[in-house]
Amino acid sequence: MAQQLYPFDAFSVRELNLQLMKKLGYSIKSKSDCAKLSELIFKEGLGLISQSTLYRILIYNKQHKPFYNTLTIITQFLGYIDWEDFCITIESKKKFGYTNGHLCHIDLEKSLIYQCIQLENFKPLEALFNNLEEVEQEAKDSVILTIFDSLLVSPNTIPFFNYFKENTFIKEEFFEHGVDPSFRITNYDEGFNLYLSNYKPDRSIQDLQSFIFGNCILLRHYYVNGKFDKAIAIGKQLYHNLIISKNELEAIYLFPRMRYLSSKLLFLRVTKSKLIEIIDCTLELLKYAKSVYHSLDAFSKRIVFYTIAEVFIQAKIDYVYQEQLKLIFSNEFKLFPKELIDKPLYKVISYFEPNGLLMQRP
């Protein structure tokens, strides 16, 4: 008896891709990515799915109707019993979207979050955000993405940022967990300045961490966009005015810590520091990466590599040092498509992207 061809929708494909991204650490965007996935599935003893079949499924060709068994093998790779088990699980996420009125997977303009933001009717959103503390992170991520998409098409975002500047969900989930380094939302920098107004670096370690995180994000943004006066002003706050001990720095979360250490290169570049200072800072970063490497889990290694690599690219650090960085993390490249380690750093970095939300809105 022939296998049944199984129709599936865009929401199912999106969720399949998201869960594969979480397991692999990078999103499936090319045929070489599909080839690597095919290899990993086969190595787990689940059977062989060709590169071309995976590409048709995951890049989503509406005309393609895969076999049920094929979908089951992919979902078993993710830890499900079969495709039906996967569908039951994601149905609960879809229901959460309906219940909370965001529906980002269907039509943004039908989302109540979108309508509240456009109409500047923030009280219902405040009630929603204040009741998400105990919700699973995956559901929070879905809400964050709907907020992001809604603000992205909003001509005036300042009222939203002003209203929610002290809201815990917006501070911790939208600005920190859901940060967009590309600053695509109108007045996003103003939003970050309002976020930063909540924190005093000498008040607590948590405040210090948020202060460093927000200012490093702004420093990167102003540097990349050629607003050098603003970049210098923030750099002076971080590297001249801020008094921080080694113990305090090691006490904060790895991501802001690495942004602080690596962003110094941008400050040295923008202030036209001597080449020897830039090289010394570069070598210190490589030394730090080597010293912490064996104590880090897989995700933390991505954070260290990504933050240093990004700044090396932006600050135009010599190719020799870029290759040294790749060498430190050579084991991590085994998870990626073949020969990626031989490519320039700017072509490699997206595979290490630790910000999952950014990967969903590249």
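Read on for an overview of the structure. (Residues numbered from 1 in each chain as written. Predicted model: local features only at pLDDT ≥ 70, side-chain atom pairs only at ≥ 80, totals over all residues. Heavy atoms only, no water.)

The next thing to look at is unusual backbone geometry. Positive phi is not limited to glycine here, since Glu 120 has a value of about 55°. Among the secondary structure elements, Glu 120 is positioned in the loop between helix H6 (112-119) and helix H7 (123-129). Its relative accessible area of 42% is what places Glu 120 among the partly exposed residues. Notably, Lys 316 is not glycine yet its phi reads approximately 55°, a positive angle. Here Lys 316 shows up in the loop between helix H17 (298-314) and helix H18 (319-328). For Lys 316, a relative accessible area of 68% puts it in the exposed group. (Helix = DSSP H or I, 4+ residues; strand = E, 2+ residues; numbered from the N terminus. Buried < 20%, exposed > 50% of the residue type's maximum accessible area, 1.4 Å probe, protein only.)

Let's shift gears to the side chain of Lys 140. Here Lys 140 shows up in helix H8 (residues 137-152). The class of Lys 140 is buried, set by a relative accessible area of 11%. A polar contact is formed between the side chain of Lys 140 and the backbone oxygen of Glu 133, at a distance of 3.3 Å. Setting aside residues up to four positions removed in sequence, Lys 140 forms contacts with Leu 132, Glu 133, Val 135, Phe 169 and Glu 173. (Polar contact = N/O pair within 3.5 Å; in protein donor to acceptor, adjacent residues only side chain to side chain. Contact = heavy atoms within 4.5 Å.)

Turning to the packing of aromatic side chains, a few remarks are in order. Taken as a whole, this structure holds 37 aromatic pairs when the rule is applied. An angle of 75° between the planes, with centres 5.9 Å apart, marks the rings of Phe 160 and Phe 161 as edge-to-face. Residue classification places Phe 160 among the buried residues on the basis of a relative accessible area of 1%. Between Phe 174 and Tyr 188 the ring centres are 6.4 Å apart and the planes differ by 85°, which places this aromatic pair in the edge-to-face class. Taken as a pair, Phe 174 in helix H10 (residues 168-177) and Tyr 188 in helix H11 (residues 188-196) lie far apart in primary sequence, 14 residues in all. (Phe/Tyr/Trp six-rings, centres within 6.5 Å; stacked < 30°, edge-to-face > 60°.)

Two side chains that carry opposite charge are able to pair once their charged atoms sit near each other. Scanning the model with the defined rule gives 11 salt bridges in all. In this structure, Glu 39 and Lys 36 form a salt bridge, with 3.3 Å as the shortest nitrogen-oxygen distance. Of this pair, Glu 39 and Lys 36 are both found in helix H2 (residues 31-43), 3 residues apart, which corresponds to roughly one turn of the helix. Where Glu 173 meets Lys 140, a salt bridge forms, and the shortest distance between an N and an O atom there is 3.9 Å. (Salt bridge = Lys/Arg side-chain N within 4 Å of Asp/Glu carboxyl O.)

Geometry of a packed helix pair, given as the angle between the helix axes and the separation of the axes. Contact geometry for H17 and H18: axes closest at 11 Å, N-to-C directions at 170°. As far as their axial angle goes, H18 and H17 are roughly antiparallel. Of H18, the residues touching H17 (which contributes Phe 305, Ile 308, Ala 309 and Phe 312) are Tyr 321, Gln 322, Leu 325 and Lys 326. Across the contact of H17 with H18, the residue classes break down as 6 nonpolar, 1 polar and 1 charged. (Axes fitted to C-alpha atoms, helices over the stretch in contact; angles between N-to-C directions. Parallel < 35°, antiparallel > 145°, perpendicular 65-115°, else oblique. Nonpolar A, V, L, I, M, F, W, Y, C, P; charged D, E, K, R; others polar.)

Before going further, it helps to spend a moment on the nonpolar core. Phe 129, Ile 147, Phe 160, Phe 174, Phe 192 and Phe 312 are the most contacted members of the largest nonpolar core, which has 110 residues in total. If you tally residues by element for this core, the top one is helix H12 (residues 205-224), at 10 residues. Contact partners of Phe 160, with chain neighbours within four places excluded, come to Ile 117, Phe 122, Leu 125, Phe 129, Ile 147, Leu 151 and Ile 170. (Core = buried A, V, L, I, M, F, W, Y, C linked by side-chain atoms within 4.5 Å.)

So, about the environment of Lys 338. Checked against the element boundaries, Lys 338 lands in the loop between H18 and helix H19 (345-348). By relative accessible area, which is 69% here, Lys 338 ends up exposed. Residues Lys 338 and Ser 32 lie 306 residues apart in sequence; the distance between their C-alpha atoms is 7.9 Å.

Time to look at the packing of helix H3 (residues 51-58) against helix H4 (residues 68-77). Orientation of H3 relative to H4, taken along the N-to-C sense of each, is 85°, at an axis distance of 12 Å. In terms of axis orientation, H3 runs roughly perpendicular to H4. Along the contact surface, H3 presents Thr 53, Leu 54 and Ile 57, while H4 presents Thr 70, Leu 71 and Ile 74. Among the residues making up the contact of H3 with H4, the classes are represented as 4 nonpolar, 2 polar and no charged.

To continue, consider the environment of Leu 152. Along the chain, the position of Leu 152 falls in helix H8. Under the relative-accessibility criterion, Leu 152 is labelled partly exposed at 36%. With sequence-adjacent residues up to four places away left out, Leu 152 is seen in contact with Arg 184 and Ile 185.

Taking 1.5 Å per residue, 18 residues should reach 26 Å; helix H16 (residues 275-292) reaches 26 Å between its end C-alpha atoms and fits that length. Residues Ile 278, Cys 281, Thr 282, Leu 285, Leu 286, Tyr 288, Ala 289 and Val 292 constitute the buried set of H16. Buried residues of H16, seen end-on, are gathered within an arc of 160° and therefore sit on one face of the element. Those residues of H16 that are exposed and angled more than 90 degrees off the buried face are Ile 276, Glu 284, Lys 287, Lys 290 and Ser 291. (Expected span 1.5 Å × (residues − 1). Arc of directions from axis to C-beta.)

Bringing H12 into the picture now. Between its first and last C-alpha, H12 extends 28 Å over 20 residues, near the 28 Å set by a 1.5 Å rise per residue. Burial analysis of H12 places 17 of its 20 residues in the buried class, which makes it a mostly covered element.

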